[in-house]
Amino acid sequence: MAGSVNKVTLLGYLGGDPETRRSQDGRAIVNLSLATGESWTDRRTGERRDKTEWHRVVVFNEALAKVAEQYLRKGSRVYLEGQIQTRKWQDQQGAERTTTEIVLPAFGAVLVLLDRAASDDGSGDRRPPQVGGAAARTGATAGRAADLDDEIPF
């Protein structure tokens, strides 16, 4: 299929601590539960309405998996770019199931930490120096997460 794109961009909050497991060859695979939401005012009633969507995220990128293990916690605010994937599997009763996930593959994934949580050394910043938008895409070592600050346009 020429001319198609599979890209997902999310900005949300983690619903729990990252869960790490290892592949047969020892690579880390990190699972995240990410909540995104929207809110609006109901035109008929004037009430404030909220809607939350939950996303399963699987990190296969080794560098981003290491960052997720070390720095992400329940409630962390993150921006990520990956791909959507649907896979089939069998449950314990033998029934066929499908799961749709956001995958951060080994190449081309982005994970930006947006929190300003306190660190152990008191500097007030837990973010690693090598995580960020263009830096993660190109492999550059300069972090871009600090460049985002609080001026996100959406």
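Computed from a prediction, not measured in an experiment: that's the story for all the values here. (Residues numbered from 1 in each chain as written. Predicted model: local features only at pLDDT ≥ 70, side-chain atom pairs only at ≥ 80, totals over all residues. Heavy atoms only, no water.)

S.K.: Sorry if this is basic, but what is going on with the overall build of the protein chain here?
M.R.: Check the secondary structure of the protein chain and you find three helices and seven strands. Ordered by position in the sequence, the α and β elements of the protein chain form the string β-β-β-β-α-β-β-β-α-α. Scored against the burial criterion, the 154 residues of the protein chain give a buried share of 35%. Expressed as a percentage of contacts within the protein chain between residues at least 6 apart in sequence, the contacts between residues at least 24 apart total 52%. Carbon and sulfur atoms form 45% of the exposed surface of the protein chain, whose accessible area is close to 10,400 Å². (Helix = DSSP H or I, 4+ residues; strand = E, 2+ residues; numbered from the N terminus. Buried < 20%, exposed > 50% of the residue type's maximum accessible area, 1.4 Å probe, protein only. Contact = heavy atoms within 4.5 Å. Areas by Shrake-Rupley, 256 points an atom, 1.4 Å probe, with all protein chains shown as cover.)

S.K.: How should I be thinking about helix H1 (residues 62-71) in this particular structure?
M.R.: Side chains three or four residues apart in an α-helix point the same way, a direct result of the helix having 3.6 residues per turn. Regarding H1, the residues found buried are Leu64, Ala65, Val67, Ala68 and Tyr71. The buried residues of H1 occupy an angular sector of 160° when projected down its axis, which confines them to one face. Opposite the buried face of H1, at more than 90 degrees from it, the exposed residues are Glu62, Ala63 and Lys66. Structurally, the start of H1 carries an N-cap: the backbone nitrogen of Ala63 is 3.0 Å from a side-chain oxygen of Asn61. (Arc of directions from axis to C-beta. Polar contact = N/O pair within 3.5 Å; in protein donor to acceptor, adjacent residues only side chain to side chain.)

S.K.: I would appreciate a short explanation of the pattern of salt bridges in the present structure.
M.R.: Pairing between side chains becomes possible if they bear opposite charge and their charged atoms approach one another. Summed over the entire model, instances satisfying the criterion amount to eight salt bridges. Among the salt bridges present, the one from Glu69 reaches Arg22, with a minimum N-O distance of 3.9 Å. With Glu69 in helix H1 and Arg22 in strand E2 (residues 19-22), this residue pair connects regions lying 47 residues apart in the sequence. Ionic pairing is found between Arg49 and Asp42, a salt bridge with its closest N-O pair at 3.5 Å. (Salt bridge = Lys/Arg side-chain N within 4 Å of Asp/Glu carboxyl O.)

S.K.: Would you mind showing me how to read the side chain of Asn61 here?
M.R.: In this fold, Asn61 is placed in the loop between strand E4 (48-59) and H1. Take Asn61: its relative accessible area is 12%, and that puts it in the buried class. Among the polar contacts made by the side chain of Asn61, one reaches the main-chain amide nitrogen of Leu64 at a distance of 3.0 Å. For Asn61, the side chain forms a polar contact with the main-chain oxygen of Ala106, separated by 3.0 Å.

S.K.: Just to check I follow, could you spell out the pairing of E4 for this structure?
M.R.: Two faces make up the sheet, and in a regular strand the side chains alternate between them. As paired strands, strand E3 (residues 28-41) and E4 are joined by 12 bridges and run antiparallel to one another. What sits directly across from Glu38, in E4, is Lys51. From the end of E3 to the start of E4, which pair antiparallel, there are six residues, and Gly46 there has a positive phi angle of about 80°. In this sheet, strand E6 (residues 96-104) lies alongside E4 in parallel orientation, the contact comprising three bridges. Across the sheet, the residue bridging to Val59 is Leu104, located in E6. (Pairing = 2+ DSSP bridges.)

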